[in-house]
Amino acid sequence: MPGEKGAARSALTVALMTLVGEIAAYLGDLAFASHYGATAISDAYLAAGGLLSLPLMLLAAGAGATFIPHYLKRQGRQADEFASNLLGIYGGLALVGCLLTMALARPLAWLLHPGFDRARLDMAVAAARVMLPALPLLALSLLLGQILEAHGRFLAAQAAALPRSLLLAVACVFFARPFGLWAVAFSVLAAGVVQAVMLWLLARSTFRFRPYLNLRADYLGQMARQALPALISMGAGQVNMAVSHALASGLAAGQLTSMSLSMQLVMLLNTLLTLPLTTVMFPRMSRMAAAGDRQGALKGCSACVRYILAFLIPAVCVGCACPGEIVQLAYGWGAFGRDSVALTASLFALHLPGALGMGLRMLFTSAFHALSDTRTPLYAGLGGAAVNLGLCLTLVPTLGVRGLALASTLSSLLCALFLGFALARTQQGGVHSFSGPLKRLALPGLLCLLAALGLRRLLPSGAPALPALLLCALPAWSLYCLALIPGSRAAPFP
């Protein structure tokens, strides 16, 4: 498609910057896991972070669904006034959300984590009240980052996410012993300040802030109507997380931490492979849709599906074959002992196939938002939440925390399947335009999985993690690539 090479170059730039960000994020997670392990303290920190992320994610859903398409329709002074007005409104909403969440921190913490004992609940509430003042700053950072992305400054927008991970690592390494959980809580607040200041300075060369607040602007009603389904859809996603955390909080101390760390490894795949393409393609698809070229936007989405699946499938196959080695290398240091590694590895293997669903859902949702359709992702989110809840209640009594991981994976895959089918029906070529790449990649993916599993069984159980992982991954990926030689029936690209 025209512009596909340019999109690929932009996505590569974003991917490289994202890689730097993920290295920083990993260092923060590693420092946290090695100092606190999978314990009651780490559970409390994750619960406190959930109280901060709940209102932030809802604000992000509203901005992500509506801001860029409306901003790109305006030029010059109109665009500056529009952005300035939205910054004021979002800052006010975030401040109200911050005050309400702080006032209701204890009942919310108990509602989301009913299995916590009094000590864990007290720690979670105290840490949350330190973190929550960062909410207005993080909300403004969301819009400032989208302004930069709308102008193609993806690198600058991604760079601002680095302070949080780096400050977390510094807090764990230098201040964890004397200050305990307070150290990491204050690092979140400090990161919100640094990120907001960085984005403000970067955005000043892109737009001119004007002290402007108009709550009666005509576009606000239209944006609210478009954002409402996205908010409900994101709320459904938050319900999934709340259900998982609530059920995990009643299990043994540390299992919530193991579940969260395994999911973070899975999300790393999508952050490196799916997020760059989605970040680059969303403004492009929005411009095409605004110009009336809906089919061009859909073709761009189908091209991204080919790239995402081609890279995600072998990573998922190797990860499912060698989960213990990956978790050992990622977190098996310091206080994160052998039992924690074994549990996290089993959860990682169950979470990992859901990376396909998460990545495709991220892309498909962006495509619908670019087409100003926020209702279809809403239906998918509500359906996914219902399926996840039913599976959790069914699987947890017999599988425990592993049932939560399996429920998350199955609901994610079903949600992506629904969105892909709905999007394909609106494109020329129909369902085949999206299902074709999956069919072509099925055989190479199966060969990769069988090769990785076979090689892992040949290796002794006590083999060092890194050599074992390389000995399994490299031959399996080579076999996968050989099956994708252009001209073969399995080739994913035309």
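Conventions and cut-offs
Residues numbered from 1 in each chain as written. Predicted model: local features only at pLDDT ≥ 70, side-chain atom pairs only at ≥ 80, totals over all residues. Heavy atoms only, no water. Helix = DSSP H or I, 4+ residues; strand = E, 2+ residues; numbered from the N terminus. Buried < 20%, exposed > 50% of the residue type's maximum accessible area, 1.4 Å probe, protein only. Contact = heavy atoms within 4.5 Å. Areas by Shrake-Rupley, 256 points an atom, 1.4 Å probe, with all protein chains shown as cover. Phe/Tyr/Trp six-rings, centres within 6.5 Å; stacked < 30°, edge-to-face > 60°. Salt bridge = Lys/Arg side-chain N within 4 Å of Asp/Glu carboxyl O. Core = buried A, V, L, I, M, F, W, Y, C linked by side-chain atoms within 4.5 Å. Expected span 1.5 Å × (residues − 1). Axes fitted to C-alpha atoms, helices over the stretch in contact; angles between N-to-C directions. Parallel < 35°, antiparallel > 145°, perpendicular 65-115°, else oblique. Left-handed = near helix turned anticlockwise from the far one by under 90°. Nonpolar A, V, L, I, M, F, W, Y, C, P; charged D, E, K, R; others polar. Patch = residues over 30% accessible without salt bridge, like charges linked within 9 Å, V, L, I, M, F, W, Y side chains within 5 Å.

**Student:** What's the story with the overall build of the chain in this structure? I'm lost.
**Tutor:** Within the chain one finds 19 helices and zero strands. Looking at the chain as a whole, 55% of its 494 residues are labelled buried. Taking the intrachain contacts of the chain between residues at least 6 apart in sequence as the baseline, contacts between residues at least 24 apart amount to 84%. Surface accessibility of the chain: about 21500 Å² in total, with carbon and sulfur atoms responsible for 69%.

**Student:** Help me understand the environment of Ala150 in this model?
**Tutor:** With respect to the helices, strands and loops of the structure, Ala150 is situated in helix H6 (residues 135-150). You can call Ala150 buried: its relative accessible area is 4%. In this structure, the C-alpha to C-alpha distance between Ala150 and Phe67, residues 83 residues apart in sequence, is 9.4 Å. Excluding residues within four positions of it along the chain, Ala150 makes contact with Ile68, Tyr71, Leu72 and Arg287.

**Student:** Looking at this structure, I do not really get the side chain of Ser260. What am I missing?
**Tutor:** Relative to the assigned elements, Ser260 resides in helix H11 (residues 255-290). On the basis of relative accessibility, which here comes to 12%, the residue Ser260 falls in the buried class. In this structure Ser260 touches Leu46 and His245, once residues within four positions along its chain are discounted.

**Student:** Please clarify how the side chain of Asn388 should be interpreted in this entry.
**Tutor:** Here Asn388 shows up in helix H16 (residues 375-399). Once residues within four sequence positions are removed from consideration, Asn388 is found in contact with Asn240, Ser244, Ala407, Ser408 and Ser411.

**Student:** Explain the packing of aromatic side chains to me, please; I cannot follow it from the model alone.
**Tutor:** Aromatic ring pairs are described here by two measures, namely the spacing of the ring centres and the angle between the planes. One pass over the full model with this rule turns up one aromatic pair. Plain terms: the ring middles of Trp182 and Phe186 are 6.4 Å apart, the flat faces sit at 35 degrees to each other, and that makes the pair tilted. Remark: Phe186 and Trp182 occur in helix H9 (residues 181-203); sequence separation between them is four residues, near one turn of the helix. A relative accessible area of 44% places Trp182 in the partly exposed class. Accessibility expressed as a relative area gives 47% for Phe186, which makes it partly exposed.

**Student:** Please clarify how the pattern of salt bridges should be interpreted in this entry.
**Tutor:** Working definition: two side chains of opposite charge can pair if their charged atoms are close together. In this structure the tally under the stated criterion is six salt bridges. Because the salt bridges share partners, they merge into one network encompassing Asp43, Asp117 and Arg120.

**Student:** I would appreciate a short explanation of the nonpolar core in the present structure.
**Tutor:** The nonpolar side chains of a soluble globular protein tend to be buried with one another. The biggest cluster of nonpolar side chains holds 134 residues, and the ones touching the most others in it are Tyr45, Phe67, Tyr71 and Leu86. Here this core gets 15 residues from one element, more than from any other, and that element is helix H12 (residues 294-321). Other than its neighbours up to four places away in sequence, Tyr45 contacts Phe32, Met131, Leu168, Leu181, Val184 and Val188.

**Student:** Explain H6 here, please?
**Tutor:** Count 3.6 residues to each turn of an α-helix, and residues three or four apart come out pointing the same way. The first and last C-alpha atoms of H6 sit 23 Å apart over 16 residues, in line with the 22 Å expected at 1.5 Å per residue. With 13 of 16 residues buried, H6 lies mostly within the body of the structure. Positive backbone phi, approximately 80 degrees, marks Gly152, located one or two places after H6.

**Student:** I'm lost on the packing of helix H8 (residues 162-179) against H9 in this one. Help?
**Tutor:** Two measures define how a pair of helices packs: the angle their axes make with one another and the distance between the axes. Between H8 and H9, the least distance of the axes is 8 Å, while the angle of their chain directions is 155 degrees. Taken together, H8 and H9 sit at an angle that is classed as roughly antiparallel. Where H8 crosses over H9, the handedness of that crossing is right-handed. Across the interface between the two elements, Pro163, Arg164, Leu167, Leu168, Ala171, Cys172, Phe175, Ala176 and Phe179 from H8 touch Leu181, Trp182, Ala183, Val184, Ser187, Val188, Ala190, Ala191, Val194 and Met198 from H9. Of the residues contributing to the contact of H8 with H9, the split by class is 17 nonpolar, one polar and one charged.

**Student:** I'm lost on the packing of H11 against helix H14 (residues 338-351) in this one. Help?
**Tutor:** Viewed as axis vectors pointing N to C, H11 and H14 meet at an angle of 50 degrees, and their least axial separation amounts to 8 Å. The angle between H11 and H14 places the two elements in the oblique class. Helix-helix and strand crossings are classified by hand; for H11 and H14 the assignment is right-handed. Packed against H11, whose contacting residues are Gln255, Ser258, Met259, Leu261, Ser262, Met263, Leu265 and Val266, the element H14 presents Ser340, Leu343, Thr344, Leu347, Phe348 and His351 at the interface. Residue composition of the contact of H11 with H14, grouped by class: eight nonpolar, six polar and no charged.

**Student:** Which parts of the structure should I look at to understand the environment of Ala47?
**Tutor:** Tracing the chain through its elements places Ala47 in helix H2 (residues 40-71). Accessibility expressed as a relative area gives 2% for Ala47, which makes it buried. Once the C-alpha coordinates of Ala47 and Arg120 are considered, the two residues, 73 residues apart in sequence, prove to be 9.2 Å apart. Not counting residues up to four positions away in its chain, the partners in contact with Ala47 are His113, Phe116 and Ala124.

**Student:** Would you explain the environment of Trp182 in this entry?
**Tutor:** It is 8.5 Å that separates the C-alpha atoms of Trp182 and Ala126, two residues lying 56 residues apart in sequence. Not counting residues within four places of it along the chain, the set of residues in contact with Trp182 comprises Ala126 and Val130.

**Student:** Any chance you could explain a nonpolar patch on the surface here in plain terms?
**Tutor:** Together, Val170, Val173, Phe174, Phe175, Phe179, Trp182 and Phe186 line one region of the surface with nonpolar side chains, adding up to about 740 Å² of accessible area. For the nonpolar patch, the secondary-structure elements that each account for two or more residues are H8 and H9. Per-element tally for the nonpolar patch: the top contributor is H8, with five residues.

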